[in-house]
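Commentary on secondary and tertiary structure
If you want the building blocks of each chain, they are given just below.
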Amino acid sequence: MKKNPLDFFEFQKLIPRNEQEFAIKAVRDNWDKYDYFLLDLPTGVGKTNVGSSIAYSAGRAYMLTSTLQLQDQYQASWKEIVNLKGRGNYTCALNEDFTVDAAPCIVAKEIIADCKINGRCPYINQKNKALAANAMITNPLYLLYSKHCGVLSDEEKDEWNERDVIVIDEAHNTEKHLISFAEIKIDLKEVALSHNVNIQHLFFTNDNAHNYNVLQELLDILLTRQSELNTQLTELFPGKQSNQSINSWAKRINKSVSDKVQKLNSKIYALDKFVQPMNIFFKSCPEYSESDLSWLMHYFQEDGSLQLAPMNAGYLFDEYLKPLGKKFIFMSATLGNKTEFCKTLGLDESKTLYIQTDTPFPPEKSPIIVLPQLKMGYKDLEETIPKIAPMIEQILDLHENERGIIHCATYKLQGEIYRRLSDKHKKRILCRDMDIISGTSSKKYSNVELLDIHSTASDTILLSPSMMEGVDLYDDLSTFQIILKMPWPSLANPRINKLSKMSDSWYSNQVWMHIMQAAGRSTRHVNDESVTYMLDASFNYFYKKWKMNLPNWFTKRINQ
């Protein structure tokens, strides 16, 4: 390390918490012994300043986090860090009708040079600032696409060089990000319709040797189509008059052209995200081998589609992320089991240090009360569904005039619960499909919209399967929460199904990471408090099996 990371706190005029100091000293004192550091830091420890202090001390750093909100949080807490977002978040300086990802410079490259010289383009300016900075923060998928995406120029890809450290916040999602970068489900009929290609002669079967050849031909066809779309994009822009400067030409392009360009550019990017996984597949599997189990090719007989997915993220980490960092810091409140985490990313355990701290939150302020009343297994659901709403209503009666959240696992269960609640309780519920179910409109609410409504109300309850992480329900935004069922990853996904059979511990680790994430939504600082109710009848059985792998700060909260 080039500096003492604890100096960061003095520089920021902060006093490190005991848990922060413990984790940082462990990293500092072992910096030369390990390549990977797993920091299991529960909510309340303050991961932002821990990660920033390590980036500050290591030299040049990439910092990665999953949401724009967290990117902004890092930027607000440390003014030296540079926050870089995707091109679509910036407006063209020459013509405000365009975002940078679909601006006139796409077809007139001389504009880029001029904008660089004059410091005009907000995206280029921010990117140059980020690349020059010792510490920059961005989204992991943005970094992967910026370094490896086919639609970007080689010059742009070469700008992303190795740094001294990569700090990954919310690192329990690293496997998911890497897999999503390389996974795709291919419905040939949908591909033909969406991308306007003639592939009627192509079809998938249960024979993967045949499917391998189909994928090769499909890739060639899509690459040709990609070239055609780029030509069409050029033709959308009006010709430049001989007496017109390039900048004047760009400024005069009207909104109707902008809309067309945006739509076509979206198609090009959508096609590239389709092509990219196949490129990754053929790079790792240049020849078909029946004995190679590193990739899944699963044929869906009902619709003739094919799922193509890497079974593990190790190859993807080694090939696409590892070359960008000399050291890696993985931080999360829910990293889960060390062995399982290392296995998913192919990390050498002997080169990995696992650091876990306690939480500053008193467990008695956020108890998890286990009420194992509902059998939520697939075979039991039909009989259980009528019992769910009455059980929830008993809890809601205990929390009148309070706000809370119900984690309901699936949108199907969300609908069943909302329909079956009494009018008294239904009027407090906020969920994605509430207008559709009540027949008032066809609107589906986004999580952002639901949270906005919730923030100004007094006794509303969020009902959602998709707010188990990334939601900050501090203070009276949520004084209670209900976890309806054990959030097992869906076995309908062939990759998850196969992995669950290959490794029961991987599958168990996934569900407990989700539970710990959900259980952390409503107690957000040391003076905050809430109560969590777990209703799944199977909780105690699986808790007993996995308890030895769970952190003490979590098990102390359990009231059975």
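Refer to the structure presented above.
All of the points below concern the structure found in this document. (Residues numbered from 1 in each chain as written. Predicted model: local features only at pLDDT ≥ 70, side-chain atom pairs only at ≥ 80, totals over all residues. Heavy atoms only, no water.)

Focus: the overall build of the protein
Put simply, the test is: Working definition: helices are DSSP H or I runs of at least four residues, strands are E runs of at least two. Numbering for both runs from the N terminus. Only C-alpha atoms enter the radius of gyration, while the globule expectation follows 2.2 Å times N to the 0.38, with N the number of residues. Burial here depends on accessible area, computed with a 1.4 Å probe over protein chains only, as a share of the maximum for the residue type. Under 20% is buried, over 50% is exposed, and the range in between is partly exposed. The contact rule is simple, with two residues in contact once any of their heavy atoms fall within 4.5 Å. Surface exposure here means Shrake-Rupley accessible area, sampled with a 1.4 Å probe, where a residue is shielded only by the protein chains that are shown.
When helices and strands are tallied, the protein shows 24 helices and 17 strands. The C-alpha atoms of the protein give 25 Å as radius of gyration, which agrees with the globular expectation for 560 residues (24 Å, within 12%). Residues classed as buried in the protein amount to 53% of the 560 residues present. Intrachain contacts of the protein at a sequence separation of at least 6 include 75% that bridge at least 24 residues. Working note: accessible area of the protein is about 25600 Å², and carbon and sulfur atoms make up 48% of it.

Things to note about the pairing of strand β15 (residues 480-483)
Consecutive residues of a regular strand have side chains that alternate between opposite faces of the sheet. Put simply, the test is: In this analysis, strands are considered paired if DSSP registers two or more bridges between them.
Alternating positions in β15 separate into two faces, F480 and I482 on one and Q481 and I483 on the other, with burial throughout. Where strand β12 (residues 404-407) lies against β15, four bridges are found, and the strand directions are parallel. Paired with H407 across the strands is I483, a residue of β15. Direction of pairing for β15 relative to strand β16 (residues 531-536): parallel, over a ladder of four bridges.

Brief notes about the sheet that holds strand β8 (residues 305-310)
Inclusion rule: For helices, the fitted axis covers only the stretch in contact; all axes are lines through C-alpha atoms, and the angles between them, taken along N-to-C directions, range from 0 to 180 degrees.
Across the sheet, which stays open at both edges, the three strands sit in the order β6-β8-β7 with antiparallel pairing between neighbours. Across the chains shown, the open sheet's two edge strands, defined by having one partner strand only, are β6 (184-186) and β7 (295-300). The mean inter-strand angle of the sheet, taken between neighbouring strand axes irrespective of direction, is 15°. Across the sheet, helix α13 (residues 255-284) touches β6, β7 and β8, and the angle it forms with β6 is around 105°. The sheet contacts of helix α21 (residues 494-502) involve β7 and β8, and relative to β7 the element is tilted by about 125°.

Quick word on the pattern of salt bridges
Our working definition: Salt bridge, as used here: a side-chain nitrogen of Lys or Arg that lies within 4 Å of a carboxyl oxygen of Asp or Glu.
A complete count under the given rule lists 22 salt bridges for this structure. Here E228 makes a salt bridge to R225, at a shortest N to O gap of 3.2 Å. Here R225 and E228 lie together in helix α11 (residues 208-236), a separation of three residues that amounts to about one turn. When its relative accessible area of 10% is taken as the criterion, R225 is described as buried. A salt bridge links D397 to K424; the shortest N-O distance between them is 3.3 Å. With D397 in helix α16 (residues 381-398) and K424 in helix α18 (residues 423-426), the pair connects residues that are 27 residues apart, well separated along the chain. D397 sits in the partly exposed class, given a relative accessible area of 36%. If you follow the salt bridges from partner to partner, you end up with K2, D164 and K326 in one network.

A word on the state of the cysteines
Such a bond, covalent and formed between the sulfur atoms of two cysteines, is termed a disulfide. Counted only if it meets this: The disulfide definition used here is simple: a pair of cysteine sulfur atoms within 2.5 Å.
A full pass over the atoms with the stated rule returns zero disulfides. Of all cysteine sulfurs, the one in C121 lies closest to C105, which takes part in no disulfide; the gap is 6.4 Å. Under the relative-accessibility criterion, C105 is labelled buried at 18%.

Quick notes on the sheet that holds strand β10 (residues 352-356)
Sheet architecture is open: seven strands sit in the order β3-β4-β2-β5-β9-β1-β10, paired in parallel fashion. Two strands lie at the open edges of the sheet, namely β3 (82-83) and β10, each paired on one side alone. Examined bridge by bridge, strand β2 (residues 61-64) and strand β4 (residues 135-138) share four bridges and lie parallel to one another. The partner of A61 across the bridge, within β4, is A135. Here helix α14 (residues 314-321) sits on the sheet in contact with β1 (36-40), β2, β5 (163-168) and β9 (325-332), set at roughly 130° to β9.

Considerations on the environment of N497
Let me state the cut-off plainly: In protein, a polar contact means a hydrogen-donor-capable atom and an acceptor-capable atom, both N or O and within 3.5 Å, with residues adjacent in sequence counting only if both atoms are side-chain atoms; elsewhere, any N or O pair within 3.5 Å suffices.
Counting through the fold element by element, N497 comes out in helix α21. Residues N497 and S508, 11 residues apart in the sequence, show an inter-C-alpha distance of 13 Å. Of note is the side chain of N497, whose polar atom sits 3.2 Å from the side chain of K501.

With respect to unusual backbone geometry
With a phi close to 60°, N401 is a non-glycine residue in the positive phi region. Mapped onto the elements of the fold, N401 is located in the loop between α16 and β12. A positive phi angle, near 75°, is found at A409, a position not held by glycine. Judged by its relative accessible area of 29%, A409 is partly exposed.

Here's the deal with empty space enclosed by the protein
If you roll a probe as big as a water molecule over the atoms, it shows you where there is empty space left. The criterion, for reference: The way it works is a 1 Å grid over only the protein atoms, where trapped points that fit a 1.4 Å probe form a cavity and open points with protein on both sides within 12 Å along at least five of seven lines form a pocket, and then any residue with an atom within 4 Å of a point lines it. Grid points are joined across faces, edges and corners, and a volume is the space filled by probe spheres set on the points. Put simply, Ala, Val, Leu, Ile, Met, Phe, Trp, Tyr, Cys and Pro go in the nonpolar bin, Asp, Glu, Lys and Arg in the charged bin, and everything else, Gly too, in the polar bin.
Within this structure, the stated rule accounts for three cavities of 30 Å³ or more. Taken together, L64, T65, S66, P140, L144, I168, D169, E170, T174, H177, L178 and L321 make up the lining of the largest cavity. Mapped by element, the contributors of at least two residues to the lining of the largest cavity are α7 (140-148) and α9 (174-182). Here the lining of the largest cavity takes three residues from α9, the largest share from any one element. Along the lines of polarity and charge, the residues of the lining of the largest cavity split into six nonpolar, four polar and two charged.

Quick look at the packing of aromatic side chains
The line we're drawing: Two rings from Phe, Tyr or Trp (for Trp, the six-membered ring) form a pair when their centres are within 6.5 Å of each other. A pair whose planes differ by under 30 degrees is stacked, one over 60 is edge-to-face, and the rest are tilted.
One pass over the structure, following the stated rule, counts 35 aromatic pairs. The interplanar angle of 65° and the centroid separation of 6.2 Å between the aromatic rings of Y36 and F317 together place this pair among those described as edge-to-face. Of this pair, Y36 sits in strand β1 while F317 sits in helix α14, and the two are 281 residues apart along the sequence. Exposure remark for Y36: the relative accessible area of 5% places this residue in the buried category. Judged by centre distance (5.5 Å) and plane angle (65°), the rings of W512 and F539 are edge-to-face. Separated by 27 residues along the polypeptide, W512 in helix α22 (residues 504-519) and F539 in helix α23 (residues 539-546) bring together distant segments of the chain. With a relative accessible area of 1%, W512 lands in the buried category. Exposure remark for F539: the relative accessible area of 1% places this residue in the buried category.

What to know about the nonpolar core
Where we set the bar: As used here, the term nonpolar core means buried Ala, Val, Leu, Ile, Met, Phe, Trp, Tyr and Cys residues forming a set that is joined through side-chain atoms within 4.5 Å.
One finds I186, L215 and F330 to be the most contacted residues of the largest nonpolar core, which totals 88 residues. Grouped together as the second largest cluster of nonpolar side chains are 36 residues, L374, I385, I388 and L484 included.

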